[in-house]
Amino acid sequence: MSQWTIGVLGGSGLYEIDGLENAQWVTIDTPWGAPSDDILFADYGNVRLRFLPRHGRGHVLSPSSVNYRANIDALKRAGCTDVLSISAVGSLKNQYEPGHFVAVDQFIDRTFAREKSFFGPGCVAHVSVADPVCPRLSKLAANAAEAAGATVHRPAKDSHLTYLAMEGPQFSTKAESALYRQWGCDVIGMTNMPEAKLAREAELPYATLAMVTDYDCWHPDHGSVDVASVIAILMQNAKTASSAVKTLCETLSKTDRTTCAAGIETNLDVAIITPPDARDPKLVAKLDAVAGRVLNR
Ligand SMILES: CSC[C@H]1O[C@H](OP(=O)(O)O)[C@H](O)[C@@H]1O
Ligand SMILES: Nc1ncnc2[nH]cnc12
């Protein structure tokens, strides 16, 4: 039986998960620098859980100063088979009310001040992020959130749920918020890019459970978002989010983990363009965890 090792990136309001078996915080070093915090290693039945608070305990890192490469590399080094992000978001449509969860399946990346790839000079790769979310993990996470009592919005058969990733740390202007609504975006946040792209480069199936905390600044009947209103909703939701994670683990512990049908775990087979004799050995060494499967064969 193949086991799940589920990595969870806890967003704003989710800095710890209690009531876990054999829980201990473990320091993991990476060639990309330090991850946001130690990683909480724990067991949940048959499942191994690896929890990393994205902003660090105490919320000390802004979205632009999170070391996304180190976080994904560390989760890979910690043996994760899959990565679930839990994220606070603003709603860009009336139907996504504060307190609801949204199982997003698309992103628009408007971030600009972050390292976005593990690859670069000396080893170039172009992965596909046409479908950046693992449909299997997303569905399992949405089921778990529903079982934990949340209202969950899922993508319909021929339509997507899109997360606009902005740089921040300031929230949007009304003109920006209106523009993103015109683009058809569903929710807005500051962290899921380049996280999702890096997870794909590391061949880790990735999904996001977005927790709606506010209506950003476009809604005529709601005031513009501020941290206090976000925190107020997060306080009510953190319990649901952590119980969704435990419910997900319960489900996974009863399921044999098979290879992801979307081919995410082998996507580097067709992504690296630099031939072996032209690769920079220093970069190749740094890529041991994320791409060792293909580079060391
Ligand atoms: C505290 S509101 C803004 C903050 O919350 C979201 O973070 P995360 O995705 O880690 O929950 C948003 O992206 C901003 O970083
Ligand atoms: N309105 C918003 N914009 C960006 N990130 C957010 N996180 C929570 N609410 C947000």
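Residues numbered from 1 in each chain as written. Chains lettered and ligands numbered in written order. Predicted model: local features only at pLDDT ≥ 70, side-chain atom pairs only at ≥ 80, totals over all residues. Heavy atoms only, no water.

- In the nomenclature of an unreviewed UniProt entry, the protein corresponds to S-methyl-5'-thioadenosine phosphorylase from the organism Algimonas ampicilliniresistens.
- For the protein, the Subunit (unreviewed entry) comment in UniProt is given as "Homohexamer. Dimer of a homotrimer."
- Quoted verbatim from the Sequence similarities (unreviewed entry) field of UniProt, the annotation for the protein is "Belongs to the PNP/MTAP phosphorylase family. MTAP subfamily." (UniProt positions renumbered as here; feature names shortened; annotations may be inferred.)

**Let's talk about the site of ligand 1**
Here comes step 1: Close to ligand 1 lie Gly-11, Ser-12, Arg-54, His-55, Pro-63, Ser-87, Ala-88, Gly-189, Met-190, Thr-191 and Val-230.
Here comes step 2: The contact in question runs from an oxygen atom of ligand 1 to an N or O atom on the backbone of Ser-12, over 2.8 Å.
Here comes step 3: Contact between ligand 1 and His-55: an oxygen atom at 2.5 Å from a side-chain N or O atom of the residue.
Here comes step 4: Protein coverage of the free-state accessible area of ligand 1, which is 390 Å², stands at 91%.
Here comes step 5: Looking at side-chain class alone, the shell around ligand 1 contains 4 nonpolar, 6 polar and 1 charged residues. (Near = heavy atom within 4 Å. Polar contact = N/O pair within 3.5 Å; in protein donor to acceptor, adjacent residues only side chain to side chain. Areas by Shrake-Rupley, 256 points an atom, 1.4 Å probe, with all protein chains shown as cover. Nonpolar A, V, L, I, M, F, W, Y, C, P; charged D, E, K, R; others polar.)

**Regarding the site of ligand 2**
Here comes step 1: All residues adjacent to ligand 2 are Ala-88, Val-89, Gly-90, Met-166, Phe-171, Ile-188, Gly-189, Met-190, Thr-213, Asp-214, Asp-216 and Val-225.
Here comes step 2: The separation between a nitrogen atom of ligand 2 and a polar main-chain atom of Ala-88 is 3.4 Å.
Here comes step 3: Gly-90 has a polar backbone atom sitting 3.3 Å from a nitrogen atom of ligand 2.
Here comes step 4: For ligand 2, whose free accessible area comes to 260 Å², the fraction covered by protein is 94%.

**A closer look at the packing of aromatic side chains**
Two measures describe an aromatic ring pair: the distance that separates the ring centres and the angle between the ring planes.
Here comes step 1: This structure, assessed with the given rule, holds 4 aromatic pairs.
Here comes step 2: Measuring from ring centre to ring centre gives 5.4 Å for Phe-107 and Tyr-163, while their planes differ by 70°; the resulting arrangement is edge-to-face. Of the two residues, Phe-107 is situated in strand β7 (residues 106–109) and Tyr-163 in strand β9 (residues 162–165); the sequence distance between them amounts to 56 residues. Tyr-163 carries the same exposure label as Phe-107, and that label is buried. (Phe/Tyr/Trp six-rings, centres within 6.5 Å; stacked < 30°, edge-to-face > 60°. Helix = DSSP H or I, 4+ residues; strand = E, 2+ residues; numbered from the N terminus. Buried < 20%, exposed > 50% of the residue type's maximum accessible area, 1.4 Å probe, protein only.)

**Focus: the environment of Gly-168**
Here comes step 1: As for its position among the elements, Gly-168 is in the loop between β9 and α3 (174–182).
Here comes step 2: The exposure class of Gly-168 is buried, given its relative accessible area of 18%.
Here comes step 3: The spatial distance from the C-alpha of Gly-168 to the C-alpha of Ala-113 is 9.8 Å, given a sequence separation of 55 residues.

**Let's talk about the UniProt feature "site: Important for substrate specificity" (unreviewed entry) in the protein**
Here comes step 1: In this numbering, the UniProt entry assigns the feature "site: Important for substrate specificity" (unreviewed entry) to Ser-172 and Val-227. Spatial clustering of the annotated residues is evident: they stretch over 56 residues in sequence, but the largest pairwise C-alpha distance comes to 13.1 Å.
Here comes step 2: Relative to the assigned elements, Ser-172 resides in the loop between β9 and α3.
Here comes step 3: In this structure, Ser-172 is in contact with Met-166, Ser-177, Tyr-180, Ile-188, Asp-216 and Cys-217, ignoring residues within four places of it in sequence.
Here comes step 4: Among the structural elements, Val-227 can be located in helix α5 (residues 227–253). (Contact = heavy atoms within 4.5 Å.)

**Remarks on the UniProt feature "binding site: substrate" (unreviewed entry) in the protein**
Here comes step 1: Taken from the UniProt record, the annotation "binding site: substrate" (unreviewed entry) applies to Met-190, Asp-214, Tyr-215 and Asp-216.
Here comes step 2: Structurally, the position occupied by Asp-214 is in strand β11 (residues 206–214).
Here comes step 3: Using a relative accessible area of 8% as the deciding quantity, one classes Asp-214 as buried.
Here comes step 4: Discounting chain neighbours no more than four positions away, the residues touching Asp-214 are Val-89, Gly-90, Ser-91, Pro-98, Val-225 and Val-230.
Here comes step 5: By secondary structure assignment, the location of Tyr-215 is in the loop between β11 and α5.
Here comes step 6: Ignoring sequence-local partners within four residues, the contact set of Tyr-215 consists of Ser-91, Lys-93, Asn-94, Tyr-96, Glu-97, Pro-98 and His-222.
Here comes step 7: A distance of 2.7 Å separates the side chain of Tyr-215 from the backbone oxygen of Asn-94, its partner in a polar contact.

**Focus on the confidence of the model for the protein**
Here comes step 1: Predicted confidence across the protein gives a mean pLDDT of 96, with 100% of residues reaching 70 or more.
Here comes step 2: Here the complex is predicted with pTM 0.98, and the ipTM for its interfaces comes to 0.99. (pLDDT = per-residue confidence, 0-100.)

**Topic: the pattern of salt bridges**
Here comes step 1: Overall, the coordinates contain 15 salt bridges when judged by the stated rule.
Here comes step 2: Measuring nitrogen to oxygen at the nearest pair gives 2.5 Å for the salt bridge that ties Asp-73 to Arg-77. Taken together, the residues span about one helical turn, with Asp-73 and Arg-77 both in helix α1 (residues 68–77) at a distance of 4 residues.
Here comes step 3: Judged by relative accessible area, Asp-73 falls into the buried class, the value being 0%.
Here comes step 4: Residue Arg-77 is classed as partly exposed on the basis of its relative accessible area, which comes to 31%.
Here comes step 5: In this structure, Arg-257 and Glu-265 form a salt bridge, with 2.9 Å as the shortest nitrogen-oxygen distance.
Here comes step 6: By relative accessible area, Glu-265 is classed as buried at 18%.
Here comes step 7: Residues joined in a network through salt bridges with shared partners are Glu-203, Asp-269, Arg-293 and Arg-297. (Salt bridge = Lys/Arg side-chain N within 4 Å of Asp/Glu carboxyl O.)

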